[in-house]
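In case you want the letters, here they are:
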Amino acid sequence: MRKVAMVGAGMTKFVRRALETPKELSYEAAKTTLDSCGLSLDDVDCVAHGTAPDAFDGIHQNGEYMACGSGGWNKPTMRVFVGGATGVHAIAHGWYHVASGLFDTCLVVCEEKMSSAMPHAQGFFLTIFDSITERPLQPNLLWIFALEMNRYMERYGYTKEDMALAAVNNKRNGLKHPASQFTDEVTVDDVVNSEMMAYPVSRLDVSPVSDGAAAVLLAAEPVARRLTDKPVWIEGVGWTLDTAYWATRDLSYPRYLDKAARMAYDMAGIREPHKQIDIAEPYDPFDYKALHHLEGLQLSPRGKTVELLRDGHFAMDGNMPMCPSGGLLGVGNPIAAAGTMKACELFWQLRGEAGERQVPGNPRLGVAQAWGDLMQVSSVVVAGI
Amino acid sequence: MAILERITRNIDNRYWDPGTKAFPVKNRYTAGVAGQWFFEELKENGKIYGSRCEDCAVTYVPARIYCERCFKRLEKEKDWLDVGTEGEIHSFTAVHRTKTGEEKEEPSLVAAVKIADGLLIHRLAGVKPEQVEIGMKVKAEFKPKDERQGGIEDIKHFKPL
Ligand SMILES: [Zn+2]
């Protein structure tokens, strides 16, 4: 396998409702990424792009539709399609294209436009569930995650206030991200007192549905070294699929992520992730998920995460800043694009280019993660400088 | 495995289920940055706009904000142009069935109309199915301005010149 680096990154603003079509959003992210490393479309050997359920953009076979906006015209182009995990999965997918020796460069572009869905994107989730045993009960993701959140809290004696701390942390970080749609901090009280959606999930426990796109350019080692003094190496990738009979999983621990993280760490030669990783971008569509995923990523002992969070371990100036980007809670959650945004964040943070939200102390190793499909897929990327 | 129903003779196969007339999900789309401009010109001025990438020598119709071949940004002020309202039939079909499968009284004509390097898909009028030919020159006929809503149906149809 060849060494692969991220050499460019870019994204659109994440907004409630964009005028741009999915193609145009993809173009803006892809073009910004190419401009960031001074390349033209001719320098791109292949495209790995992603968008989650077709229903959000409202275009069946959305991959083909958005290919030209992703730079895929007349190039080998392949779509990744694993729901919320798509954004990081696409990085692993693009990495494979280059590491294998087949291509020298790969443009990875992920996009989501959730505002097309009427009256609300949640309506489209019904059809991902088992049509016989679950759909008659009219499930939506809020109450599916409520079941998981409740089980997680019960297992370790956590409270809603404990979970809200993660929302407060990430939303505060997000205020400094130029692509974020938010202007105000929230407090634990704001989160806990926001409207109940499905107990124990309140409105501010959840990341906002958004439109947006994000992209990175991957290059093989010799090309990467020629293009930049600061390539950000993909040290490891991992992905796993747990059972789709999700009620048979231990809802308090993300086993799907445990495996994916270990795969990525093994590839990266990391033995003690909780000591070696400098910054973490766990997938945080809900506040409890950020904490749940830190445990699955082996970055925090099970049941000790809230204690560490309260002690400032995951703060911007702590030992392991959590979601310096602001994450999905702080920037927004255009599904597939949100995971790629996390990889972009590693790129900017590790190069020391994150501006106002730069993590102090020259971070050298970071991990980004996403999660999705029938809530049982996770993908992980470890990046280092 | 139990099969509850099967069709064994090819001749019995059917393509429509007239009972299925609704699909219980909805999407609301935006026209996009390019679409917003394109349809404004269509509605307000009765003009069809394309956008040209000089580097690739391609004129896209409908106009777009980027060239898919080289990723150049196509600016409205610099790279967009009025491509006129005439084109050529690139291909056509006569549609004999409604979308729910019933036979139409008269077949309706649909054409792919080539304008510059792009294609507009639209209805054909003023010509019988047996008279249509590929390569025929056609012209867009617009709805009266006060009926135009900023959509592709602001063009009523294309008609042979
Ligand atoms: Zn061009």
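Residue numbers run consecutively from 1 along every chain, following the written order of its sequence. Numbering of ligands from 1 and lettering of chains from A proceed in the order in which they are written. Totals for whole chains, interfaces and linings use every residue, but because this is a predicted model, local features are given only for residues with pLDDT of at least 70 and side-chain atom pairs only at 80 or more, for both listing and counting. Excluded from the side-chain calculation are hydrogens and water; included are all heavy atoms of the structure.

Moving on to the overall build of chain A. Helix and strand labels come from DSSP, where a helix needs a run of H or I of at least four residues and a strand needs a run of E of at least two; each type is numbered from the N terminus. Looking only at helices and strands, chain A has 15 helices and 12 strands in total. For a compact globule the rule gives 2.2 Å times the number of residues to the power 0.38, and the radius of gyration it is set against comes from C-alpha atoms. The globule rule puts the C-alpha radius of gyration for 385 residues at 21 Å, and the 19 Å found for chain A is close to it. If one aligns the C-alpha atoms of chain A with their principal axes, the spans along those axes are about 55 × 45 × 40 Å. Any residue under 20% of the maximum accessible area for its type is buried, any over 50% is exposed, and the rest in between are partly exposed; the area is computed with a 1.4 Å probe on protein chains only. Scored against the burial criterion, the 385 residues of chain A give a buried share of 64%. Note on contacts: a residue pair is in contact if any heavy atoms of the two residues lie within 4.5 Å. Considering only contacts within chain A whose residues lie at least 6 apart along the sequence, 77% involve residues at least 24 apart. Counting only carbon and sulfur atoms, one obtains 51% of the accessible surface of chain A, whose full area is about 14100 Å². To measure how exposed things are, a 1.4 Å probe is used in the Shrake-Rupley method; for residues, cover is taken only from the protein chains shown.

Take the overall build of chain B next. Tallying secondary structure elements over chain B gives 2 helices and 9 strands in all. For chain B, the succession of helices and strands along the chain, N to C, is β-α-β-β-α-β-β-β-β-β-β. The C-alpha radius of gyration of chain B comes to 20 Å, more than 25% above the 15 Å expected for a compact globule of 161 residues. On the principal axes, the C-alpha backbone points of chain B span a range of 65 × 40 × 35 Å. Looking at chain B residue by residue over its 161 residues, the buried ones come to 33%. In chain B, 53% of the contacts between residues at least 6 apart in sequence involve partners at least 24 apart. Taken as a whole, chain B presents about 10600 Å² of accessible surface, with 49% of it coming from carbon and sulfur. Across chain B, the mean location of the 28 positive side-chain charges is 2 Å away from that of the 27 negative side-chain charges. Counted as positive: Lys and Arg. Counted as negative: Asp and Glu, with His and the chain ends omitted from the count. The atoms used to mark charge sites are NZ of Lys, CZ of Arg, CG of Asp and CD of Glu.

What follows covers the interface of chain B and chain A. In this assembly, 20 residues from chain B lie in contact with 29 residues from chain A. Buried surface at the junction of chain B and chain A, summed over both partners, amounts to about 2100 Å²; 57% is from carbon and sulfur atoms. When the buried area of chain B at its contact with chain A is split by residue, Arg28, Tyr66 and Phe71 of chain B rank highest and sum to 35% of it. Definition used for salt bridges: Asp or Glu carboxyl oxygen within 4 Å of a side-chain nitrogen of Lys or Arg. Arginine 73 of chain B is paired through a salt bridge with glutamate 28 of chain A; the nearest N and O atoms lie 2.8 Å apart. Residues adjacent in sequence count toward polar contacts only when both atoms are side-chain atoms; beyond that, a polar contact is any pair of N or O atoms within 3.5 Å, and within protein one must be able to donate a hydrogen and the other to accept it. Where chain B meets chain A, there are 16 residue pairs in polar contact (both at pLDDT 80 or more). Listing elements by their share of the side of chain B that touches chain A, those giving two or more residues are β1 (26-27) and α1 (32-45) of chain B. Per-element tally for the side of chain B that touches chain A: the top contributor is α1 of chain B, with 5 residues. Here, any two strands with at least 2 DSSP bridges between them count as paired. Examined bridge by bridge, strand β5 (residues 117-118) of chain A and β1 of chain B share 2 bridges and lie antiparallel to one another. Bridge assignment links methionine 118 of chain A to a residue of β1 of chain B, and that residue is lysine 26 of chain B. When two components associate, each loses some accessible surface as probed by a 1.4 Å sphere; the sum of these losses over both components is called the buried area.

This part covers the coordination of the zinc ion. Residue and element names in this part refer to chain B. For Na, K and Ca the donor cut-off is 3.2 Å, while for other metals it is 2.8 Å, and in both cases only N, O and S atoms qualify; water is not among them, so sites may look incomplete. Bound to the zinc ion on the protein side are Cys53 (SG), Cys56 (SG), Cys67 (SG) and Cys70 (SG), at distances that span 2.3 Å. Geometry at the zinc ion is tetrahedral, judged from its 4 donor atoms and the angles of 107 to 112° they form at the metal. Every donor residue of the zinc ion comes from the same chain, spaced as C-x2-C-x10-C-x2-C. Of this pair, cysteine 56 sits in the loop between β2 (49-53) and β3 (58-60) while cysteine 67 sits in the loop between β3 and α2 (76-79), and the two are 11 residues apart along the sequence. When its relative accessible area of 0% is taken as the criterion, cysteine 67 is described as buried. Sites are called tetrahedral only when four donors show all angles between 85 and 135 degrees, square planar or octahedral only when four or six donors show opposite pairs over 155 degrees and all other angles between 65 and 115, and irregular in any remaining case.

Residue and element names in this part refer to chain A. A pair of Phe, Tyr and Trp rings is counted when the ring centres sit within 6.5 Å of each other, with Trp represented by its six-membered ring. The angle between the planes then sorts it: under 30 degrees is stacked, over 60 is edge-to-face, the rest tilted. One pass over the structure, following the stated rule, counts 16 aromatic pairs over all chains. Taking the centre distance of 6.1 Å and the plane angle of 15° together, the rings of tyrosine 256 and tryptophan 371 count as stacked. Separated by 115 residues along the polypeptide, tyrosine 256 in helix α10 (residues 255-268) and tryptophan 371 in strand β11 (residues 365-372) bring together distant segments of the chain. Taking relative accessible area as the criterion, tryptophan 371 reaches 3% and is therefore assigned buried. Among the aromatic residues, those joined into a ring-pair cluster are Phe145, Tyr152, Tyr156, Tyr158, Tyr256, Tyr283, Phe286, Tyr288 and Trp371. Looking at lysine 289, its charged tip hangs above the ring of tryptophan 371, at a distance of 3.7 Å from the centre. Cation placement over rings: the criterion is NZ of Lys or CZ of Arg within 6 Å of the ring centroid and within 35° of the ring normal. The lysine or arginine in question, arginine 302, covers the ring of tyrosine 253, its NZ or CZ lying 3.5 Å from the ring centre.

Spatial relationships are all this shows, so hold off on functional conclusions.
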